[in-house]
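Here is how the chains run, residue by residue.
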Amino acid sequence: MFLLIPTELNFSYYALLLLTGLVLMLAAIKAPWRQWLAQSQRQHAWFAAIIALAFFWLLQVNVRDVIAFHPLAITTLSLVFGWHLAVLGGSLALLLNSLLCSRFGVQLPIELFLNVIVPASVSMAFIALLERMRVRNVFIFMLGGGFVGAMLSLLAVLCFSVLLFYIIEADAHWGMLAQYAHLFALMLFPEGFINGAMTSVLTIFYPHLVRSYDDDSYLDRRN
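What you are looking at is a predicted structure, and each value in this text was computed from that prediction instead of being measured.

J.: For this particular structure, what's the right way to read unusual backbone geometry?
T.: For residues besides glycine, phi is generally negative; the peptide bonds are generally trans as well. A positive phi angle is found at Arg64, which is not glycine, with a value near 55°. Tracing the backbone shows Arg64 in the loop between β2 (61–63) and β3 (67–69). The exposure class assigned to Arg64 is exposed, which follows from its relative accessible area of 56%. Phi is positive for Glu169, which is not a glycine, with a value near 60°. Relative to the assigned elements, Glu169 resides in the loop between α6 (138–167) and α7 (171–179). By relative accessible area, which is 46% here, Glu169 ends up partly exposed.

J.: Is there a simple way to think about the side chain of Asn195 in this case?
T.: Relative to the helices and strands, Asn195 is located in helix α8 (residues 182–205). Overall, the relative accessible area of 0% leaves Asn195 in the buried class.

J.: Help me understand the environment of Tyr14, please; the structure alone is not making it clear to me.
T.: Mapped onto the secondary structure, Tyr14 falls in helix α1 (residues 11–30). Sequence spacing of Tyr14 and Pro109 is 95 residues, and the spatial spacing of their C-alpha atoms is 9.5 Å.

J.: For this particular structure, what's the right way to read α7?
T.: An α-helical turn contains 3.6 residues, so any two residues separated by three or four positions project in the same direction. The set of residues buried in α7 consists of His173, Met176 and Leu177. Buried residues along α7 cover an arc of 100° about the axis, so they all sit on one side. Looking at the packing, one finds that the buried side of α7 touches β1 (2–3), β2, β3, α6 and α8.

J.: Is there a simple way to explain the packing of aromatic side chains in this structure?
T.: Between two aromatic rings, the relevant description is the distance of the centres plus the angle of the planes. Within the structure shown, the criterion is met by 11 aromatic pairs. Seen in terms of ring centroids, Trp33 and Trp46 are 6.4 Å apart; in terms of plane orientation they differ by 85°. Their pairing is edge-to-face. Of this pair, Trp33 sits in helix α2 (residues 33–38) while Trp46 sits in helix α3 (residues 40–56), and the two are 13 residues apart along the sequence. With relative accessibility at 29%, the residue Trp33 sits in the partly exposed group. Judged by relative accessible area, which is 4%, Trp46 ranks as buried. Considering the side-chain rings of Phe147 and Phe189, the 5.7 Å spacing of their centres and the 70° angle between planes classify their relative orientation as edge-to-face. Here Phe189 lies in helix α8 and Phe147 lies in helix α6, a separation of 42 residues in the sequence.

J.: Could you clarify how one ought to interpret a nonpolar patch on the surface in this entry?
T.: A cluster of nonpolar side chains, contributed by Val162, Leu163, Tyr166, Ile167 and Trp174, occupies part of the molecular surface with about 510 Å² of accessible area. A per-element tally of the nonpolar patch places α6 first, with four residues. Here Leu163 shows up in helix α6.

J.: Sorry, what's going on with the sheet that holds β1 here?
T.: Remark on secondary structure: sheet strands pair via backbone hydrogen bonds, oriented parallel or antiparallel. Strand order in the open sheet formed by three strands is β1-β3-β2, with antiparallel pairing between adjacent strands. Only two strands of the sheet have a single neighbouring strand rather than two, namely β1 and β2. Bridge analysis of β2 against β3 gives three bridges, and the strand direction is antiparallel. By the bridge assignment, Val61 is partnered in β3 with Phe69.

What counts as what
Residues numbered from 1 in each chain as written. Predicted model: local features only at pLDDT ≥ 70, side-chain atom pairs only at ≥ 80, totals over all residues. Heavy atoms only, no water. Helix = DSSP H or I, 4+ residues; strand = E, 2+ residues; numbered from the N terminus. Buried < 20%, exposed > 50% of the residue type's maximum accessible area, 1.4 Å probe, protein only. Arc of directions from axis to C-beta. Contact = heavy atoms within 4.5 Å. Phe/Tyr/Trp six-rings, centres within 6.5 Å; stacked < 30°, edge-to-face > 60°. Patch = residues over 30% accessible without salt bridge, like charges linked within 9 Å, V, L, I, M, F, W, Y side chains within 5 Å. Areas by Shrake-Rupley, 256 points an atom, 1.4 Å probe, with all protein chains shown as cover. Salt bridge = Lys/Arg side-chain N within 4 Å of Asp/Glu carboxyl O. Pairing = 2+ DSSP bridges.

Written out as structure tokens, the structure is:
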């Protein structure tokens, strides 16, 4: 979700700005840079994903020039590269998309929180839940983690958006979101299908690139 008009600068906004900055710092510090630098194929895939995501987010629907809805595809980024690199990659994709759309402003931290941090966190939390349940089936990983995880992440974005707009007193955005929240229901299946399809293709043809996938865990019948 993109914000097409700026929000007010109040205490809640600056608190969110601080929280977003801390999350980015944590992601940058904890990211597996050594493994990333050791594999040029993963580097190329990461940069390609950033560029592709920035252009993919150009597919958006403007609602009265206040907010814009668009597919996320952050779940696939999270499953392939892990939470840390997904947050950093999504942030760079958002910056590139903002540059393409000339949409720089005070709303950037809010967009980063809603479009990147929330869906990436929910997606990885759902994968962690599947692992704790010891569900060892490759189709559960592809369809559960990719399809269902993406739908859950989109629902989480809606919930956090409502809460966040209320807290930071973004009345115009809150009103538009309340009026057009039903569009999220229309976006649920496409979001799940897009991420489920991409996750399935990458897991089948390039399993070594999918960081959250392990052949021994999902294909070894002894587990």
